[in-house]
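# Geometric and topological summary
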Amino acid sequence: MVRMGPDVPLLNEYKQEFFWKRFPQTVLGGPRFKLGYCAPPYVYVNQVVLFLTPWLFGGIGTLLCQLQLLQELHGAVLSGMLMFGAAAGVQALAFYAARRSGTVERLGAPNILVDEEEVEFTHCVSPETVRFIAPGKRFGMNVVLHTVLAGVLCGFGTWYVFLGRLTALYGSIGVSLVVFVLSWVTLCIAEYSLIVNTATETATFQAQDIYEITPLTRPLYIFIFIAVDLADRFSDPVPELQLASQILHVLFLFLPLLWALGILPPLDALILWGMEQALVFGLGGSPMSSNLRLLLMFGVSAGVAVCNYFIPSTLGVVLFSISTGFLLSLDLSQVGTLCGGSRAGFRDPGLRRGGSPPPLRSSFGWNLGCRELLLYLSLLLVAMAEAGLLHHFLGSAQSQSFVTGPQAPVSYLLLVLFCLCWALREIQGAYVFGGVFLNPLYPKGMSSVQTFKQRNRGLYIAAALRRVLLYLVSPFAMIAFLSMDTSLQLLHRVSLSVGFTRAFRVVWQSSEDALLQMVVVVLVRLAAGNNILPGWDNLGTGVQLLLVGLLFDRLTQFLAKLKFTLTVLVTSWTEKKQRRQSAGTLLALNASLCPVLLAVVTLSALLSAPLLPLFTLPIFLVGFPRPQRSWPGPVGTACPCPDSIFYQQMSGSLASALRTAFARGSLGSLAPGSHFLGRFQDRMVWIMILERGYGYCTVNIKGLELQETSCHTVEARRVDEVFEAAFERPERLGFTQGFNLHWGNALTPCAALAVRVYSDARNVLSGIIDSHDNLRKLQDDFMKALIWLLLRYCVQKHKGFLWSNDEGSGVGGMKSQSSQLAQTTSNQPPEAVVVESNVSSLRFRQDSSSLTSFGDWSDEDDLFGPQPARRTVALVTAEAQSGHTALQTGASLPGSVEMDSLFENMALSALQPLQPLGLGIGMPAVDKGRSAEFLRESPGSLPHLNFSCPQSEVFNLPTGWRTAPLLPSRLMSLRPLFPEDWFRFTLGRFGPAVQGDTSEDMTKALKEDEALKELHIQVALSCLISLGAESAFTSPSYVYRLYCGDVPWTEGLDWLSSRKELYQLALRAFRFSFKLLFDQASLGPMESSEELFSTLEEYERDWFIGLVTEKGWHDSVLQEKPFLFSLGQDLTMGTYTGRVLSLQEQLVQVGRLNGEGVRGQWANLSWELLYATNDDEERYSIQAHPFMLRNLTVQAADPPLGYPIYSSAPLHFPSL
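For clarity, every value in this text was computed on a predicted model and none was experimentally measured. (Residues numbered from 1 in each chain as written. Predicted model: local features only at pLDDT ≥ 70, side-chain atom pairs only at ≥ 80, totals over all residues. Heavy atoms only, no water.)

## Side note on the overall build of the protein chain
A tally of helices and strands in the protein chain yields 41 helices and 13 strands. Expressed as a percentage of the 1216 residues in the protein chain, the buried residues total 55%. The long-range fraction of contacts in the protein chain, counting pairs at least 24 apart against all pairs at least 6 apart in sequence, stands at 77%. Looking at the protein chain as shown, the accessible area adds up to about 50900 Å², and 64% of this sits on carbon and sulfur atoms. (Helix = DSSP H or I, 4+ residues; strand = E, 2+ residues; numbered from the N terminus. Buried < 20%, exposed > 50% of the residue type's maximum accessible area, 1.4 Å probe, protein only. Contact = heavy atoms within 4.5 Å. Areas by Shrake-Rupley, 256 points an atom, 1.4 Å probe, with all protein chains shown as cover.)

Below, the structure written as structure tokens:
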């Protein structure tokens, strides 16, 4: 991303014009009066008539009632019937127009281009005019439902704003007339959006309104207002209800403003938010990780509260509340494990398939087994026994003073427990007292993981003590406090029933929060002493705890929103790159309207709604309330790319590290909706808490892109600075150094976690790959590596790892390793690796010097960086036809484009149907019959091998590998290149591994078998010639091409490429030899054959040596291969690079983000993209902001608005 100046337009000219056409339509509920082109007057007149039609029908009913010709009820019914008829007529016209125009598929379909297309109108009721004004509904059921609702809304609306009713409420005819007129404007807006044309709402939750829920939003709020008025009309006089009706009639006038500003949520968001708030604060539950879990948990929890209301015995209520509260606070997703099989929590579809599970899955809590069931059952029985006994013997005891009552000792115990738990949690993190001061007890320096763990042992002991106090002692102390409460005797009231249901549930669901709430209640009672607080004491303990919990949540939100507000205000001026020309004006406006700003922040906190900074400027609005997850879709959607595997690999180990951190309290209070950011090298991990219960926590892990843009780099640099200030500080701190100098930043460092991740090291190979001394040794290392792989291949075949087929059919004598990977994994060793290649076959580049040079400058050269390897026709034909006649095709023409085929990445120019197009013109002719006969030399014509040692048959190679089309004299001239000493040494090492305890004589006979040696000499030298390695390497570019599998044409290349196993062994041998070159240039030469042998064993066992673009690289990362090596080329710098991935335990630094800042930026992102459609990649609101971390926050949003490259399914972590 190219970073732009602070004065980049918030919306470009096109989007500004689009916005100012859309916004008036939103305000008025759907009429389009600003089109951007000339339209006949009847288009506007028709819309005005339809807009005022409800007012007309309501006016008729009102007039008849005022003339006392009809009663109010009858007048309302008449208005409703008239509106029903008009709505049915509009829908009939829309359906007729759609059929006439023949575009039924567009009926009611959401299409943003409709706002931009220019319509040709013919007359006032033409199909084009009708479709433009009233597009109609998509579903027939919605036609009926919306039409009926339009009539009902008009009827009740007429009754709601009767002049007589308004005069009775306000006692003034003038006020009544004003309210009457403006109320009908609100009703007309709602009716138009319901029945004629629905406007795009600024409060948009779903990216697409598939089921046409948006038209129901505005009528829904009107029905809520009408319901309160009806309750006031038909109930006994209640002053509070009458006051509410008066206030709502005035607020009714401002509904269009609230709709336009997007403060009122859409129907789906309102339902989810309402259920979540009721579940958390009314029933003691937690926000859920999915909408289905939220619906089920809300239903079950509400059923528990209803049952408590009807249970006659208070003892029964206590026991039932404790048991259900404990069971509902557990991780119920583990119940499925009782049916057998391991949990699939970490086996996410798509990217997550094959990912590594957490290494501690056998530890307590990951699965619901016998240990867990025994512990949970014991806790439940002890809690019920304690509550039952205390309530039976002490629950009815009356005391004049709280200080002398039975609850007093438990109250003091709660105070002590709270202080201990709070202090032990504070010292676990890098900062204390809200991130203001550095923690002197936290380990300094991050030199190594082992050193960090040793320095952290003292904190481990403190964390274990806190865990016992919080999860085992505190719940029983709180249950004792509640069981002895005297307000339980008045339980059969709705408020008390709900209050105690919540109280007994939250003891388990969120023990830390429940402890804080009870301590506040205790402190209030101790402060009051013997005095009675009538309003407070009459509520009962359960309702008191409910109110305290709600108050603390809203207060916490207010403080977080206020910090976010101050950050946006201050940095809009202090950060030069964020300072716009309007910054001074906006700051002055906010300062002059400070009470209004505080009111906006307070209102957003009370509604638990995000504080929306418009375009991330200091212009603050109240976003519409929505669930804590902020997004409507399921958790786990991402925009995958090749780098996603690194996050997939580390997710398992990170899960175990997070489990430990959650249990210790290193990350602070784990409230659902909290966000954390982890940093390691170039990786950014976004962690969000989804739900929380007794002994478990559910999170979502996201991975951000690794290819850093300029904006990403700026914010990543600031993240590194914040973490360095917290974790890499000196041993002794001065007074001023103890402060958090980055307190205003959105990120507050918490802890460092030990996680098994890949450390990525990249080296420039200048002086290594271009050194002639190193290149001269490469040939010898290649021969040694090839001999080692050939002998190891024989050992594997003998042990049954490979399926042999000694018919010598030209494919290599056995199934390819790629086939084995596709068919089975049980008979294949984990070391088996398939090498992908891009071989220039004999059938494409014939025996001429011109073609050899042509291969050096063709389009297959790596002009634009490493390209994905392509399977050529030689390989595809060998797989498909197993040695039959191959396709006869020509080479790629210079300058032509090689498109990747969907089948096996085969070059498109090699396909046979393209030959008539001339892709083979100009290529040398091929003698078809001679070529086929030459390549399929009969294995039967080869001389039989007579081994002198009976054990040599184990190391025999497939017959087809001896049929290289090379002259014996040429092989004889290269015989000195074969390392006979290394062959005998390797044979001596592999021999006992195959035959078991073999005698020394047998091993000696094996080494002296000349026939076996000649066989391996022939095969090894044939591979050497076929790869063009018969002379010493002098060109780094040739080495790089050969490493990548892009082998230039040689005399025996076609023969080698048709033997897939042999070709893969040869290519792997060359890659091994290059890795040997790299290691010896860095660490020094090999001193003995034993060292070389063990090094090759290590390469085979612990290394993947290949290319980043190969599938083997992807699979090796997911299988957690200890090391990976890749060779690359930097075309911009003209250098070659080596990349080494090392799997090791590293410290991942984790910090807490300002959750309200994240929600506010996500709310602006949703408004800006879904409503203003501002998808400009260089827009202001996505530019780097070092304090708000704006670019990273946008990335972490759920698709389609954000673009994380990895996102896990909800992961359930045990935290006991």
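That shown, we press on.
## Topic: the environment of V570
Tracing the chain through its elements places V570 in helix 21 (residues 541-574). The partly exposed category is assigned to V570, whose relative accessible area is 47%. Each C-alpha atom, one on V570 and one on G744, is 9.7 Å from the other, the two residues being 174 residues apart in sequence.

## Describing the packing of aromatic side chains
Tallied over the full model, the rule gives 48 aromatic pairs. Consider the rings of F19 and Y1171, whose centres lie 6.1 Å apart with planes at 85°: the pair is edge-to-face. Taken together, the positions of F19 in helix 1 (residues 13-28) and Y1171 in helix 40 (residues 1155-1171) put the pair 1152 residues apart, joining distant regions of the chain. In this structure, F19 and Y1171 share a single accessibility class: buried. When the ring of F500 is compared with that of F504, the centres are 6.3 Å apart and the planes differ by 35°; the resulting orientation is tilted. Here F504 and F500 lie together in helix 18 (residues 494-509), a separation of four residues that amounts to about one turn. Side by side, F500 and F504 carry an identical accessibility label, which is buried. Put simply, the rings of F19, W20, F23, F615, W1167 and Y1171 pair up and form one aromatic cluster. (Phe/Tyr/Trp six-rings, centres within 6.5 Å; stacked < 30°, edge-to-face > 60°.)

## A look at the pairing of strand 9 (residues 1103-1106)
The alternating pattern of strand 9 places W1103 and I1105 and F1104 and G1106 on opposite faces, both of which are buried. Judged from the four bridges that link them, strand 9 and strand 10 (residues 1123-1130) form a sheet pairing that is parallel. By the bridge assignment for strand 10, I1105 is matched with F1125. Handedness of the β-α-β unit built from strand 9, helix 39 (residues 1111-1118) and strand 10 comes out right-handed. (Pairing = 2+ DSSP bridges. Right-handed = clockwise from strand over helix to strand, strands pointing away.)

## Regarding a nonpolar patch on the surface
A surface patch of nonpolar side chains, about 370 Å² in accessible area, is lined by F84, V144, V148, V152 and F156. Take the nonpolar patch: its biggest share by element is four residues, from helix 5 (residues 140-160). Structurally, the position occupied by V148 is in helix 5. Residue class for V148 comes out partly exposed when judged on its relative accessible area of 38%. (Patch = residues over 30% accessible without salt bridge, like charges linked within 9 Å, V, L, I, M, F, W, Y side chains within 5 Å. Salt bridge = Lys/Arg side-chain N within 4 Å of Asp/Glu carboxyl O.)

## Here's the deal with the pattern of salt bridges
Pairing between side chains becomes possible if they bear opposite charge and their charged atoms approach one another. Per the stated rule, a full pass over the model turns up 40 salt bridges. The partner of D1198 in a salt bridge is K702, and the shortest N-O contact between them spans 2.5 Å. Highlighted residues: D1198 in the loop between helix 41 (1190-1196) and strand 12 (1206-1207) and K702 in strand 7 (residues 696-703), separated in sequence by 496 residues. Linking D773 and R776 is a salt bridge whose minimum nitrogen-to-oxygen distance equals 2.2 Å. Placement of the pair is D773 and R776 together in helix 26 (residues 772-798), with a separation of three residues, close to one helical turn.

## A look at the nonpolar core
Counting residues in hydrophobic clusters, the biggest one holds 78 residues, and the most contacted among them are F955, F1074 and L1096. The element contributing the most residues to this core is helix 26, with 14 residues. If you look at the next biggest cluster of nonpolar residues, it comprises 74 residues, including I701, A716, L1143 and L1170. (Core = buried A, V, L, I, M, F, W, Y, C linked by side-chain atoms within 4.5 Å.)

## Quick word on helix 2 (residues 41-66)
End to end, helix 2 covers 36 Å across 26 residues, agreeing with the expected 38 Å (1.5 Å per residue, within 8%). Along helix 2, the helix axis deviates most sharply at L52, where the bend reaches about 40°; the proline P54 sits within four residues downstream. Every buried residue belonging to helix 2 is among V43, Q47, F51, T53, P54, F57, G58, G61, T62 and C65, and all of these are buried. If you follow the buried residues of helix 2, they end up packed against helix 1, helix 3 (72-101), helix 4 (127-133), helix 5 and helix 7 (173-195). Looking one or two residues past helix 2, Q68 carries a phi angle of roughly 60°, positive in sign. (Expected span 1.5 Å × (residues − 1). Bend = angle between axes of the 7 residues up to and from the residue.)

## Comments concerning the packing of helix 11 (residues 267-282) against helix 12 (residues 291-310)
Taken N-terminus to C-terminus, the directions of helix 11 and helix 12 make an angle of 50°; their axes are 10 Å apart at the nearest point. On the basis of the axis angle, helix 11 is oblique to helix 12. In this structure, helix 11 meets helix 12 at a crossing whose hand is left-handed. Contacts between helix 11 and helix 12 involve L272, M275, E276, A278 and L279 from the first element and N291, L294, L295, M297, F298 and S301 from the second. (Axes fitted to C-alpha atoms, helices over the stretch in contact; angles between N-to-C directions. Parallel < 35°, antiparallel > 145°, perpendicular 65-115°, else oblique. Left-handed = near helix turned anticlockwise from the far one by under 90°.)

## Details of the packing of helix 17 (residues 457-483) against helix 19 (residues 511-528)
Two elements in contact, helix 17 and helix 19, have axes whose closest approach is 10 Å; the angle formed by their N-to-C orientations is 45°. Between helix 17 and helix 19, the angle is such that the two are oblique. Crossing handedness for the pair helix 17 and helix 19: left-handed. Two secondary-structure elements touch here, helix 17 through R466, L470, S474, P475, M478, F481 and L482 and helix 19 through S511, E512, A514, L515, M518, V522 and R525. For the contact of helix 17 with helix 19, the residue count by class is nine nonpolar, two polar and three charged. (Nonpolar A, V, L, I, M, F, W, Y, C, P; charged D, E, K, R; others polar.)

## Considerations on helix 37 (residues 1060-1083)
For an α-helix the count is 3.6 residues per turn, leaving residues at separations of three or four pointing the same way. The terminal C-alpha atoms of helix 37, which comprises 24 residues, lie 34 Å apart, in line with the 34 Å expected from a rise of 1.5 Å per residue. Extensive coverage of helix 37 is indicated by the burial of 21 of its 24 residues. Directly after helix 37, the chain includes G1084, whose backbone phi takes a positive value near 110°.

## Quick notes on the pairing of strand 13 (residues 1211-1214)
Where burial is concerned, the two faces of strand 13 agree: the one with L1211 and F1213 and the one with H1212 and P1214 are both buried. Two strands pair when backbone bridges link them, and strand 7 and strand 13 are joined in this way by four bridges, in the antiparallel orientation. Counterpart to C697 in the pairing with strand 13 is F1213.

## Regarding unusual backbone geometry
A cis amide bond links P1199 with the next residue in sequence, P1200, at an omega value of 10°. Its location among the elements puts P1200 in the loop between helix 41 and strand 12. In the Ramachandran plot, E212 falls in the positive-phi region, its phi being about 55° despite a non-glycine side chain. Mapping E212 onto the fold places it in the loop between helix 7 and helix 8 (217-234). A positive phi is found at F433, a non-glycine position, where the angle reads about 55°. Within the secondary structure, F433 is located in the loop between strand 1 (431-432) and strand 2 (437-438).

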